[in-house]
Amino acid sequence: MSDLGLSMIDETVNETNHWLNLLGDRLGLDHQRAYHALRAGLHTLRDRLPIAEAAALGAQLPHLVRGVYYDGWRPADVPETTRSVAQYAEALRGRLVDGNGPDAEATARAVFWLLDHNCGSGIMEKIRNALPGDVAEELFDRA
């Protein structure tokens, strides 16, 4: 597509593949399963953030990942309440496509790690502060 002057599309595909490779390597997943883990992790997080933080995070994502992130979002229904790591993991587990996939808590940690290493520190601090203390401590801080 670069021949058509659409290098932005090539760049976002490459960046998205890089993100999927990083996540797949971290979780021991192939590209397709890494995509499903990323999608599930992003949606679970997104739906537990206040709208302003969810939108701020979306702005930090590569264009293609941003589309995945916003797919199916219903801002009127958020934020969903999560009071514990177990509740967060259960919500994430329900979004994972493959029942034989990675552990939900490991997936959450890996997605938090990926975001922490690729997004601005300011938004990551806001996200951490928006999550319940034990979720932030057990999943975010130990990513």
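No experiment lies behind these values; they were computed from the predicted model shown. (Residues numbered from 1 in each chain as written. Predicted model: local features only at pLDDT ≥ 70, side-chain atom pairs only at ≥ 80, totals over all residues. Heavy atoms only, no water.)

K.L.:
How should I be thinking about the environment of Ala-56 in this particular structure?
P.N.:
Here Ala-56 is to be found in helix α3 (residues 51-60). With relative accessibility at 28%, the residue Ala-56 sits in the partly exposed group. Each C-alpha atom, one on Ala-56 and one on Lys-126, is 9.3 Å from the other, the two residues being 70 residues apart in sequence. (Helix = DSSP H or I, 4+ residues; strand = E, 2+ residues; numbered from the N terminus. Buried < 20%, exposed > 50% of the residue type's maximum accessible area, 1.4 Å probe, protein only.)

K.L.:
What is the right way to look at the pattern of salt bridges in this model?
P.N.:
Any two side chains of opposite charge can pair, so long as their charged atoms come close to each other. Tallied over the entire structure, the rule returns 7 salt bridges. Linking Arg-48 and Glu-80 is a salt bridge whose minimum nitrogen-to-oxygen distance equals 2.8 Å. Remark: Glu-80 occurs in the loop between α4 (63-70) and α5 (85-95) and Arg-48 occurs in the loop between α2 (31-46) and α3; sequence separation between them is 32 residues. For Glu-80, a relative accessible area of 33% corresponds to the partly exposed category. With a shortest N-O distance of 2.6 Å, Arg-93 and Glu-90 are connected by a salt bridge. Residue Arg-93 and its partner Glu-90 are located together in helix α5, separated by 3 residues, close to a single helical turn. You can call Glu-90 partly exposed: its relative accessible area is 48%. Connected through shared salt-bridge partners, Arg-46, Asp-47 and Arg-95 make up one network. (Salt bridge = Lys/Arg side-chain N within 4 Å of Asp/Glu carboxyl O.)

K.L.:
I keep staring at the packing of helix α1 (residues 7-27) against helix α6 (residues 104-118) and nothing clicks. Help me out?
P.N.:
Each pair of packed helices can be summarised by the angle the axes make with each other and by the distance between the axes. Two numbers describe how α1 lies on α6: the axes approach to 10 Å, and their chain directions differ by 140°. Relative to α6, the element α1 lies oblique. At the point where α1 passes α6, the crossing takes the right-handed sense. Every residue of α6 that contacts α1 at Trp-19, Leu-22, Leu-23, Arg-26 and Leu-27 is listed here: Ala-106, Thr-107, Ala-110, Val-111, Trp-113, Leu-114, Leu-115 and Asn-118. (Axes fitted to C-alpha atoms, helices over the stretch in contact; angles between N-to-C directions. Parallel < 35°, antiparallel > 145°, perpendicular 65-115°, else oblique. Left-handed = near helix turned anticlockwise from the far one by under 90°. Contact = heavy atoms within 4.5 Å.)

K.L.:
In this structure, what is going on with unusual backbone geometry? I would like to understand it.
P.N.:
Leaving glycine out, the prevailing phi sign among residues is negative, and the prevailing peptide bond configuration is trans. Going from Val-78 to Pro-79, the amide bond is cis rather than trans, its omega being 0°. Looking at the secondary structure, you find Pro-79 in the loop between α4 and α5.

K.L.:
Please explain the packing of aromatic side chains as it appears in this structure.
P.N.:
Two aromatic rings, taken as a pair, are described by how far apart their centres are and by the angle between their planes. Taken as a whole, this structure holds 4 aromatic pairs when the rule is applied. The interplanar angle of 70° and the centroid separation of 5.0 Å between the aromatic rings of Tyr-69 and Tyr-70 together place this pair among those described as edge-to-face. Classification of Tyr-69 as buried rests on a relative accessible area of 0%. The class for Tyr-70 is partly exposed, based on a relative accessible area of 28%. (Phe/Tyr/Trp six-rings, centres within 6.5 Å; stacked < 30°, edge-to-face > 60°.)

K.L.:
Which parts of the structure should I look at to understand the environment of Gly-101?
P.N.:
In this fold, Gly-101 is placed in the loop between α5 and α6. Taking the relative accessible area as the measure of exposure, Gly-101 reaches 23% and is therefore partly exposed. Separated by 73 residues in sequence, Gly-101 and Gly-28 place their C-alpha atoms 9.7 Å apart.

K.L.:
Quick question: what am I supposed to make of the side chain of Thr-82 here?
P.N.:
Locating Thr-82 in the fold gives a position in the loop between α4 and α5. In this view, Thr-82 contacts Arg-48, Gln-87, Tyr-88, Pro-132 and Val-135; residues no more than four positions away in its chain are not counted.

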